[in-house]
Amino acid sequence: MASQIENMGVPVIILKEGSQRTTGREALRNNMMAAIAVAEILKTTYGPKGMDKMLVDSLGDVTITNDGATILDKMDIQHPAGKMLVQAAKGQDEEAGDGTKTSVIFAGELLRQAEDLIDRNIHPTIIIQGYKTAVDKAVEVLNSIAEPVSIDDTEKLIKVAMTSLNSKAVGEAREYFAKIVVDAARAVAEMRGDKQYYVDINNVQIVKKHGGALTDTQLVNGIVIDKEVVHPDMPKRVEKARIALLDAPLEIQKPEIDMEISISSPDSIKRLLDKQEKILQDKVEKIAATGANVVITQKGIDDIAQHFLAKKGILAVRRVKRSDIEKLAKATGAKIVTNLDDLKPEDLGYADLVEERKVGEDKMVFIEGAKNPKSVTILVRAGFERMVDEAERAIHDALSSVADAIMDGKIVAGGGAVEAEVAKSLREWSKGVPGKVQLAVEAFVKALEALPQTLATNAGYDPIDILMKLRSTHSDQSKKWYGIDLNTGNIVDMWAKGVVEPLRVKVNAYKAGTEAATLILRIDDMVAAKRSTTGGPSGKKEGGKEEEESSPSTSSSGSSD
Ligand code: ADP
Ligand code: MG
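The rules we used
- Residues numbered from 1 in each chain as written.
- Chains lettered and ligands numbered in written order.
- Predicted model: local features only at pLDDT ≥ 70, side-chain atom pairs only at ≥ 80, totals over all residues.
- Heavy atoms only, no water.
- Helix = DSSP H or I, 4+ residues; strand = E, 2+ residues; numbered from the N terminus.
- Buried < 20%, exposed > 50% of the residue type's maximum accessible area, 1.4 Å probe, protein only.
- Contact = heavy atoms within 4.5 Å.
- Areas by Shrake-Rupley, 256 points an atom, 1.4 Å probe, with all protein chains shown as cover.
- Lys, Arg positive; Asp, Glu negative; His and termini not counted.
- Charge placed at Lys NZ, Arg CZ, Asp CG, Glu CD.
- Pairing = 2+ DSSP bridges.
- Salt bridge = Lys/Arg side-chain N within 4 Å of Asp/Glu carboxyl O.
- Near = heavy atom within 4 Å.
- Polar contact = N/O pair within 3.5 Å; in protein donor to acceptor, adjacent residues only side chain to side chain.
- Nonpolar A, V, L, I, M, F, W, Y, C, P; charged D, E, K, R; others polar.
- Domains from an automatic or database assignment.
- Axes fitted to C-alpha atoms, helices over the stretch in contact; angles between N-to-C directions.
- Left-handed = near helix turned anticlockwise from the far one by under 90°.
- Core = buried A, V, L, I, M, F, W, Y, C linked by side-chain atoms within 4.5 Å.
- Phe/Tyr/Trp six-rings, centres within 6.5 Å; stacked < 30°, edge-to-face > 60°.
- Lys NZ or Arg CZ within 6 Å of the ring centre and 35° of its normal.

**Q** How should I be thinking about the overall build of the protein chain in this particular structure?
**A** On a plain count of helices and strands, the protein chain comes out with 16 helices and 23 strands. If you line up the protein chain on its principal axes, its C-alpha atoms span 95 × 75 × 45 Å. Taking all 561 residues of the protein chain together, 48% fall into the buried category. Intrachain contacts of the protein chain at a sequence separation of at least 6 include 75% that bridge at least 24 residues. Surface summary for the protein chain: the accessible area is close to 27,600 Å², and the carbon and sulfur share equals 49%. Side-chain charges of the protein chain comprise 76 positive and 86 negative groups, with the mean position of each set lying 2 Å from the other.

The following block contains the structure:
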């Protein structure tokens, strides 16, 4: 029915048979409900008193997490409008690294407020306009109230990391992690231009190894490879390492095609083996001649080659991941050589120390004091694997937060303080916004205030009561950083409490949330193609029932396909 338009009694079919179409209010409401439902899921996990989610995938693998991006990713949301919020969270994760839940919950609240406005007959276009001007103003206010922070103010940066870690299940290791994260971010920070720092968190490698306690996590001034030295006779420690990085095997290549070699006497077997041995020996000689004392290859090293390398006193590691090889190339300045005949002394990289160390039950190779010091590793330890995974996510978020703070040099106070302050300014400013757009701006402000209210709810306080207290406290100019003490329910100075967050996380979260909400508000027509039921590779949980509803006026006579 929906797929055709009556044109003077003649049905004109414009959509493929089986397509589902919803239009106007119905489409909008449907999408809004879905997006609000997604935001609702995250609400209970928001803030330091938020709960965790346990997610079980189709294979029975369990993830326990409080990380917004991970929850949404693992939930595999199917509704297209719900997916838009997932996208918003992903964008936030990439741009700011933290604040994913803030962006999604905010988007949900904007839509909830929009529902009210639509019920009062305010057109979505007006709402969109109001939201857009409001977010621009909010960003302006954020910039004007943010406080400076310097890369040398490690105490403040540690607080930034702690605030991010507050909502993660890393317990007593929080402060310990915060220090490591700040050291790591500062180690890889580089000056770009005159006085702007740049922190590429990709230069902080995170290596996970379960076993030990969270506080066995360590910062390594270099790169860690999860492999051991190949031969027991090789040195386990090489100082002033000259490193050959290879993407070539130290093995006798097996021929591509099956060949039969007929050997007539034991003598000729020996000759063949000797010849192979000679080839490998030559290869090792060649490497040694360049002055290399460490060989790290992506490919294999066979027994004979290992033996010769050991005799030369060379430390060798084989079957190293491509990504690790690339990191090593960047850090040590080595060139990755694919053909051993090309290896020259100038291709070698340098590190002060290459050493095999025992980590838990395993051995790992540490490359420290590389030529390019802008490369460090956080070796994450925890008793069991799920904990290691969550610790990694926690470190990622905290590291991103600290990186943001260093790069922008601006922070704000959390715990609802910044939202309350921005809300106050916007409410004042909205008085000058003409017409119905003003209502949309007011709705935006309410959505913003829903963030501290959610923090309060999760801590067991009455959200309305808290909001009233927040508002009245913020009417005092000198109390701009007052927010919620989630342990007492009192409104206290969050700045003094050290609950601080990077400006970028907030700017991005408000923008991403607004963008997702307005995208959804703009849709007034939804056309869904019929789900293919044959051989769909993935996620075809729904779609079974829709088939029967084919359009009544066209006899499905199998004409076109
Ligand atoms: P997101 O994914 O948005 O980062 P989180 O669950 O990490 O969500 O919660 C972040 C919120 O928790 C921020 O609003 C932050 O200000 C707040 N928060 C963090 N630590 C504290 C604290 N000690 N007291 C009050 N609020 C806090
Ligand atoms: Mg967070």
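**Q** What is the right way to look at the sheet that holds strand S22 (residues 500-502) in this model?
**A** Strand-to-strand pairing in sheets goes through backbone hydrogen bonds, with the strands running parallel or antiparallel. Taken in spatial order, the three strands of this open sheet run S6-S19-S22, and their pairing is antiparallel. The sheet terminates laterally at strand S6 (147-148) and S22, the two strands that pair on one side only. As defined by bridge partners, S6 adjoins strand S19 (residues 410-413) across two bridges and the pair is classed as antiparallel. The partner of Pro148 across the bridge, within S19, is Lys410.

**Q** Help me understand the pattern of salt bridges in this model?
**A** A side chain with one charge can pair with a side chain of the opposite charge if their charged atoms come near. Overall, the coordinates contain 38 salt bridges when judged by the stated rule. Across the pair Glu109 and Lys43 runs a salt bridge, and its minimum N-O distance is 2.8 Å. Note that Glu109 is positioned in helix H4 (residues 100-119) and Lys43 in helix H1 (residues 24-43), a separation of 66 residues in sequence. Among the salt bridges present, the one from Arg322 reaches Glu326, with a minimum N-O distance of 3.0 Å. Taken as a pair, Arg322 and Glu326 lie in helix H10 (residues 322-332) at a separation of four residues, close to a single helical turn. For Glu326, a relative accessible area of 43% puts it in the partly exposed group. Within this structure, Arg237, Glu239, Glu355, Arg357 and Glu368 form a network of salt bridges that share partners.

**Q** Help me understand helix H9 (residues 303-311), please; the structure alone is not making it clear to me.
**A** Given 3.6 residues to a turn, an α-helix orients residues that are three or four positions apart in the same direction. Turning to H9, its buried residues are Ala305, Gln306, Phe308, Leu309 and Ala310. Turning to H9, the residues buried within the fold contact helix H8 (266-289), strand S13 (294-297) and strand S14 (315-317). After H9 finishes, the residue Gly313 shows a positive phi value of roughly 75°.

**Q** I keep staring at the site of ligand 1 and nothing clicks. Help me out?
**A** Neighbouring residues of ligand 1: 20 residues in total, closest Lys101, Thr102, Ser167, Gly415 and Glu501. Taking Thr102, its side chain carries an N or O atom lying 2.5 Å from an oxygen atom of ligand 1. In the model, a nitrogen atom of ligand 1 is placed 2.9 Å from a nitrogen or oxygen of the Asn166 side chain. Alone, ligand 1 offers 570 Å² of accessible surface; in the complex the protein occludes 95% of this. No other element matches the three residues that H4 contributes to the shell around ligand 1. Across the shell around ligand 1, the residue classes break down as six nonpolar, ten polar and four charged.

**Q** Which parts of the structure should I look at to understand the domain arrangement of the protein chain?
**A** Often, the extent of an interface is quoted as the loss of accessible area on bringing the components together. As far as domains go, the protein chain holds domain 1 (23-79 + 87-147 + 413-523) and domain 2 (223-372). Each of domain 1 and domain 2 was reduced to a C-alpha centroid, and the two centroids are 54 Å apart.

**Q** Just checking my understanding: could you explain the packing of H1 against H4 for this structure?
**A** Helices that pack against each other are described as a pair by the angle of their axes relative to one another and the distance between those axes. Relative orientation of the contacting elements H1 and H4 amounts to 145°, with a least axis distance of 8 Å. In terms of crossing hand, the pair formed by H1 and H4 is left-handed. Contact with H1, carried on its side by Arg25, Leu28, Arg29, Met32, Met33, Ala35, Ile36, Val38, Ala39, Glu40, Leu42 and Lys43, involves Lys101, Val104, Ile105, Gly108, Glu109, Leu111, Arg112, Ala114, Glu115, Ile118 and Asp119 of H4 and no other residues of that element. Here the contact of H1 with H4 is built from residues that sort into 13 nonpolar, one polar and nine charged.

**Q** Teacher, can you tell me more about unusual backbone geometry here?
**A** Note on backbone geometry: most residues besides glycine have negative phi, and most peptide bonds are trans. Positioned with a positive phi, Asp76 is a non-glycine residue whose angle comes to about 50°. Tracing the sequence through the fold places Asp76 in the loop between helix H2 (68-75) and helix H3 (80-95). Look at Asp76 and you get partly exposed, because its relative accessible area is 43%. A positive phi angle, close to 65°, is found at Asn121, a residue other than glycine. Along the chain, Asn121 turns up in the loop between H4 and helix H5 (124-145).

**Q** What exactly am I supposed to notice about the environment of Gly409 here?
**A** Tracing the backbone through its elements, the reader meets Gly409 in the loop between helix H11 (385-408) and S19. Along the primary structure Gly409 and Pro124 are separated by 285 residues, whereas in three dimensions their C-alpha atoms are 37 Å apart. In contact with Gly409, other than residues within four places in its own chain, are Glu147, Pro148, Val149 and Asp404.

**Q** Help me understand the nonpolar core in this model?
**A** One broad rule of soluble globular proteins: the nonpolar side chains tend to lie buried together. Residues Leu85, Val422, Phe444, Tyr510 and Leu521 are the most contacted members of the largest nonpolar core, which totals 75 residues. A total of eleven residues in this core trace back to one element, the largest contributor, which is helix H13 (residues 437-458). Discounting chain neighbours no more than four positions away, the residues touching Leu85 are Ala35, Val38, Ala39, Leu72, Val104, Ala107, Ala516 and Ile520. Of all hydrophobic cores here, the second largest spans 43 residues; its members include Ile223, Ile287, Ile325 and Leu340.

**Q** Teacher, can you tell me more about the sheet that holds strand S9 (residues 204-210) here?
**A** Taken together, three strands build an open sheet; the order of strands is S9-S18-S10 and the sheet is mixed. The outermost strands of the open sheet, each flanked by one partner alone, are S9 and strand S10 (218-220). On average, each strand axis in the sheet is tilted by 25° relative to the strand beside it, whichever way the strands run. Two elements, S9 and strand S18 (residues 376-382), share seven bridges in a ladder whose sense is parallel. Across the sheet, residue Lys209 finds its bridge partner in S18, namely Arg381. Sheet contacts for H11: S9 and S18; angle to S9, the most-contacted strand, approximately 160°.

**Q** How should the packing of aromatic side chains be read in this particular structure?
**A** The description of an aromatic ring pair rests on the distance of the ring centres and on the angle between the ring planes. According to the stated counting rule, one finds four aromatic pairs in the structure shown. Between Phe106 and Phe444 the ring centres are 5.3 Å apart and the planes differ by 90°, which places this aromatic pair in the edge-to-face class. Here Phe106, found in helix H4, pairs with Phe444, found in helix H13; they are 338 residues apart in sequence, far enough to count as distant. Residue Phe106 shares its accessibility class with Phe444, and that shared class is buried. Ring centres of Phe106 and Tyr510 lie 5.7 Å apart, and the angle between their planes is 50°; on these two criteria the pair is classed as tilted. Residue Phe106 is located in helix H4, and its partner Tyr510 is located in helix H16 (residues 503-521); the two are separated by 404 residues in the primary sequence. Given a relative accessible area of 0%, Tyr510 falls into the buried group. Site record: aromatic cluster; members linked through ring pairs are Phe106, Tyr131, Phe444 and Tyr510. If you follow Arg192 out to its NZ or CZ, it ends over the ring of Tyr198, 3.9 Å from the centre. Above the ring of Phe366, the side-chain terminus of Arg357 is found at 4.5 Å from the ring centroid.

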